Amino acid sequence: MNITSLATSNTGHRGSLACIGLGMTLGSHLTPLARSHIEQADVVFAGLSDGVVELWLQRMHPDVRSLQPYYREGKSRMKTYWQWVRLMLAEVRAGKRVCGVFYGHPGIFAWSPHKAVELARAEGFPAHMEPGISAEDCLYADLGIDPGRFGCQHFEASQLLFYQRRIDTAGYLVLWQVGLAGDRSLGRLRTGPAYRQVLVDLLAQDYPLDHEVIVYRGATLPIEQPRIRRVALRELPHIPLTAEETVVLPPAEALRPNLAIQERLAALDRLEGVGAFA
């Protein structure tokens, strides 16, 4: 008898996995469907950024297992993330209904939920991801940004440093985990001003050094307000910055019309008898 069959006969149901998003602000972002996954689970694993939120989660389920202790300074985050995956899958294989609870959206800057769902499905177990309100969603609301107005690029700060990427300065540029910019070990909890200076030097190829930069962190507790700081690009290496804060660069130039494409579209409009939008 295989492991799955043993699990089914011992527990009365097959193992399953649901990775759900708790949202960013305690309690207020939790959807009814996400709550039901927590309440109906046999075991809950918690990958949360705030101890208070974890205590709140423990009031919803008697078996909440924190994933935070697996982090350690100097230890590669990939080793930690693989441990998370193995912990969740071990319980799924044992026939348990497993719920992985992650702050924000479980699929945004969260490697372990994607991998756990992928592997569980590959082994024949029901597994899915339930979305949550992310830091990106809160950012748009708190900063009054509509990504559809000028366009919006998102980069993990270290990826922008490690690879050749093309920046569109006519849209918003959102940089994640700037407090970890340049960490090649995946084992540091922060990098310092010298690393952020490398990032600023790269950005200065496209932006003036006096260009406004918005440093943002969303509220995680209902009594908190989002933290919003506005500084010049040149100041970014010299201000305190955590890994949880996001850096936004507003557009540095106006959108430039693509006259050749517009004329081509106008010709199509004439053929179809369609008027241009005024």
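In case you missed it, the structure is sitting above this.
Residues numbered from 1 in each chain as written. Predicted model: local features only at pLDDT ≥ 70, side-chain atom pairs only at ≥ 80, totals over all residues. Heavy atoms only, no water.

Enquirer: Requested: an account of the nonpolar core, with residues and values cited.
Expert: Within the largest apolar cluster, 21 residues are counted, with the highest numbers of intra-cluster contacts made by Leu175 and Leu203. Contributing elements (two or more residues each) for this core: helix H8 (157–162), strand S7 (172–176), helix H9 (193–203), strand S8 (212–217) and strand S10 (246–249). Top contributing element to this core by residue count: H9, with 3 residues. Excluding residues that lie within four positions of it along the chain, Leu203 makes contacts with Leu160, Ile167, Leu173, Leu175, Leu233 and Leu249. (Core = buried A, V, L, I, M, F, W, Y, C linked by side-chain atoms within 4.5 Å. Buried < 20%, exposed > 50% of the residue type's maximum accessible area, 1.4 Å probe, protein only. Helix = DSSP H or I, 4+ residues; strand = E, 2+ residues; numbered from the N terminus. Contact = heavy atoms within 4.5 Å.)

Enquirer: Now, about the packing of aromatic side chains: what can you tell me, with residues and values included?
Expert: This structure, assessed with the given rule, holds 7 aromatic pairs. Aromatic ring contacts, followed pair by pair, group Tyr71, Tyr81, Trp84 and Phe102 into a single cluster. (Phe/Tyr/Trp six-rings, centres within 6.5 Å; stacked < 30°, edge-to-face > 60°.)

Enquirer: Account for H9, with residues named and values stated.
Expert: All of the buried residues in H9 are Arg196, Leu199, Val200 and Leu203. For H9, the arc enclosing every buried residue in end-on projection is 100 degrees, short of the 170-degree limit, so these residues lie on one face. (Arc of directions from axis to C-beta.)

Enquirer: I'd love a proper account of the sheet that holds S10, names of residues and values included.
Expert: One open sheet holds the 5 strands; their spatial order is S6-S7-S10-S8-S9, and the pairing between them is mixed. The outermost strands of the open sheet, each flanked by one partner alone, are strand S6 (152–156) and strand S9 (227–232). Neighbour-to-neighbour, the strand axes of the sheet open up by a mean angle of 20 degrees, direction not taken into account. Relative to S9, S8 runs antiparallel, the two being bridged by 6 bridges. Bridge pairing in S9 links Arg217 to Arg227. (Pairing = 2+ DSSP bridges. Axes fitted to C-alpha atoms, helices over the stretch in contact; angles between N-to-C directions.)

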